[in-house]
Amino acid sequence: MGYPDLTVNGAGHLLLGGADALDLAAEYGTPLYVLDEELVRARMGLYAAAMREYFPAGSRPLYASKALCCKELCRWAGQEGLGLDVVSAGELYTTLAAGADPESLCFHGNAKTEDAVRYAVESGVGLIAADGTQELERIDRVAAALGVRQKVLLRVTPDIDPHTFKAVNTGVVDVKFGVPIPTGQALEAAKLALGLEHISLEGFHCHIGSQVFDAGPFRLEAEVMAAFLGQVRRETGFIARTLNLGGGFAVAYTPEDPRPDLAGMLRDTGRRLGELFAGMEYPAPAILLEPGRSIVGDAGTTLYTVQNVKSVPGGSTYVALDGGMTDNPRYALYGARYAAAVADRAGQPKDAAVTLAGCCCESGDLIGENVPLQRPRAGDTVAVFVTGAYNYSMASNYNRVPRPPIAAVRGGTGRLIVRRETPEDLIRYDL
Ligand SMILES: *Cc1c(COP(=O)(O)O)cnc(C)c1O
């Protein structure tokens, strides 16, 4: 299992997917992303099974590939029965290169270029989520030129704030994504879509945010969307075949975070949807969900080697690592919190509180502050937990730092699924 169920072997070394973290660091070098393949596949399987059990026929999870996008992850998703959510031409290219069935893809993005739309339509992408009226018209135009009819979802904003768990008026419709329901614009856009000849409106998409820890916000989302579907039916006669409720299922990052009950959240949401559509006498649409973080987040761990340790009297203890914001920008971006351990003493008490500092020439390049840790020494291997989502996919080459490789571990054995970048990779675009 992933963090916080961490395990150590007889020597007291941290185990990742059954492999000794120190052996992985020695074999592949650091910094290194380690991914527990069995945990990722188990999560994918949990979604697939729960959606078969609790949701209407035809429902299925789409792995939100932006959380961690590489060819091997796309293959695992296909093997475990998931489709894929892609948000750019680059993600689309990756999934197709991995052999994904184009019909299983949903193409998102709030600013799709005509070229990207053409690429998606030509590739036979199952669904395009149109972000507004101009995109509906753009997709229609492209599909007309190619002589096809493209299935689309219309992305709407349902006015739900998952964190205050209250519908509020303007705050959450005033975002860059989607067409607002409360202003009447979503209904108008649906009418437009229904009149476009080279578009087949299949239904609607919404995504309420991320790090949702319980079913409440998803039940509310189901209620708002069911009411909207009812309104569209009354006004136009249109019955949606597909309702995509997005992602946002949480993971626990630190021991203080609650541990979300994914299966329970899926069961409750599925049941609420069943009640709602039965109550409205509405033919239940197939439901799509787009989990990203909750599939890969806690299956990932980053291993670093401590280069220097510096204590400032009356200040902090800085632990300088051989990676940083280039492989994990989330503390610099949003103050995201992480837990860590020294790999060869992972089971021992954490008797220090340190600043984990990255190697970039930037004071804000930190992985965390006041992070409890076994007292670190130069040369130690430090594991930072729950780095599977939005780390590799957000990594950069700032300071010309090469991106780390990803080792997948299964049954105690590691193998590379993404190789380490080389200095040659760093100059390959330079003319
Ligand atoms: C980001 C995003 C997701 C995935 O969100 P997670 O919090 O990683 O589950 C799914 N769908 C859409 C449209 C998104 O933008």
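Computed from a predicted structure; not experimentally measured.

**A closer look at the pairing of strand E8 (residues 127-130)**
Of the two faces of E8, both are covered, the one formed by Leu127 and Ala129 as well as the one formed by Ile128 and Ala130. Note: strand E7 (residues 105-107) against E8, 2 bridges, orientation parallel. Counterpart to cysteine 106 in the pairing with E8 is leucine 127. Remark: the E7/helix H5 (residues 114-123)/E8 crossover connection has right-handed handedness. Here 3 bridges tie E8 to strand E9 (residues 150-157), and the two strands are oriented parallel to one another. Note that in E9 the partner of alanine 130 across the bridge is leucine 154. Once the chain exits E8 it traverses helix H6 (residues 133-146) before rejoining the sheet at E9, and the crossover so formed is right-handed.

**Here we look at the domain arrangement of the protein chain**
You can read the domains of the protein chain as domain 1 (7-30 + 299-426) and domain 2 (37-295). On the side of domain 2, 21 residues touch domain 1, which itself brings 19 residues to the contact. Of the roughly 1,700 Å² buried at the junction of domain 1 and domain 2 (both faces included), carbon and sulfur atoms supply 59%. Looking only at domain 1, the three residues that lose the most surface to domain 2 are Ala299, Tyr390 and Arg410, adding up to 31% of its buried area. Scanning the region where domain 1 abuts domain 2 turns up 3 salt bridges. Residue arginine 415 pairs with glutamate 72 through a salt bridge whose shortest N-O separation is 3.1 Å.

**Section: the side chain of glutamine 374**
For glutamine 374, the position within the fold is in the loop between strand E18 (366-373) and strand E19 (381-385). For glutamine 374, a relative accessible area of 2% puts it in the buried group. A distance of 2.9 Å separates a polar side-chain atom of glutamine 374 from the backbone nitrogen of valine 342. Only 3.4 Å separates the side chain of glutamine 374 from the backbone oxygen of alanine 346, close enough to count as a polar contact.

**Regarding the site of the ligand**
As a matter of local geometry, the ligand sits amid 14 residues, with Lys66, Gly248, Glu290, Arg293 and Tyr390 nearest to it. Aspartate 85 places a side-chain nitrogen or oxygen 3.3 Å from a nitrogen atom of the ligand. Here an oxygen atom of the ligand sits 3.0 Å away from a polar atom, N or O, in the main chain of glycine 292. Burial of the ligand by the surrounding chains reaches 94%, relative to a free accessible area of 390 Å². Residue classes in the shell around the ligand are distributed as 3 nonpolar, 6 polar and 5 charged.

**Some words on the pattern of salt bridges**
This model, assessed by the stated rule, comprises 24 salt bridges. With a shortest N-O distance of 3.0 Å, lysine 151 and glutamate 103 are connected by a salt bridge. One end of the pair, lysine 151, is in strand E9; the other, glutamate 103, is in the loop between helix H4 (89-97) and E7, and 48 residues separate them in sequence. According to the relative accessible area criterion, lysine 151 is partly exposed, its value standing at 32%. One salt bridge in this structure joins aspartate 344 and arginine 345, with 3.1 Å as the shortest N-O distance. Given a relative accessible area of 9%, arginine 345 falls into the buried group. Through salt bridges that share partners, Glu37, Arg41, Glu72, Arg75, Glu80, Arg410 and Arg415 make up one connected network.

**Observations regarding helix H1 (residues 21-28)**
Taken together, the buried positions of H1 are Ala21, Leu24, Ala25 and Tyr28. Burial along H1 is one-sided: seen end-on, the buried residues are contained in an arc of 100 degrees. Exposed residues on H1 whose side chains face more than 90 degrees from its buried face are Asp23, Ala26 and Glu27. N-cap assignment for H1: the residue whose side-chain oxygen lies 2.7 Å from the backbone N of leucine 22 is aspartate 20. Glycine 29 lies just past H1 and shows a positive phi near 80 degrees.

**Here we look at the packing of aromatic side chains**
Tallied over the entire structure, the rule returns 7 aromatic pairs. Aromatic pair tyrosine 33 and tyrosine 392: ring centres 5.9 Å apart, planes at 85 degrees, arrangement edge-to-face. Here tyrosine 392 lies in the loop between E19 and strand E20 (406-410) and tyrosine 33 lies in strand E4 (residues 32-36), a separation of 359 residues in the sequence. Note on accessibility: tyrosine 33 and tyrosine 392 belong to one class, buried. One aromatic cluster is present, built from ring pairs that chain together Tyr47, Phe218 and Phe249. Taking the ring centre of tyrosine 318 as reference, the NZ or CZ of lysine 310 above it sits at 5.2 Å.

**Some remarks on the pairing of strand E11 (residues 199-205)**
Successive side chains on a regular strand alternate, one facing one side of the sheet and the next facing the other. Counting buried positions along E11 yields 7 of 7 residues, so the element is predominantly enclosed. The sheet contact formed by E9 and E11 spans 6 bridges and is parallel. When the bridges of E11 are listed, leucine 154 appears paired with phenylalanine 204. Here E11 runs beside strand E12 (residues 242-244); their pairing, made up of 3 bridges, is parallel.

What counts and what doesn't
Residues numbered from 1 in each chain as written. Predicted model: local features only at pLDDT ≥ 70, side-chain atom pairs only at ≥ 80, totals over all residues. Heavy atoms only, no water. Buried < 20%, exposed > 50% of the residue type's maximum accessible area, 1.4 Å probe, protein only. Helix = DSSP H or I, 4+ residues; strand = E, 2+ residues; numbered from the N terminus. Pairing = 2+ DSSP bridges. Right-handed = clockwise from strand over helix to strand, strands pointing away. Domains from an automatic or database assignment. Contact = heavy atoms within 4.5 Å. Buried area = accessible area lost by both parts, 1.4 Å probe. Salt bridge = Lys/Arg side-chain N within 4 Å of Asp/Glu carboxyl O. Polar contact = N/O pair within 3.5 Å; in protein donor to acceptor, adjacent residues only side chain to side chain. Near = heavy atom within 4 Å. Areas by Shrake-Rupley, 256 points an atom, 1.4 Å probe, with all protein chains shown as cover. Nonpolar A, V, L, I, M, F, W, Y, C, P; charged D, E, K, R; others polar. Arc of directions from axis to C-beta. Phe/Tyr/Trp six-rings, centres within 6.5 Å; stacked < 30°, edge-to-face > 60°. Lys NZ or Arg CZ within 6 Å of the ring centre and 35° of its normal.

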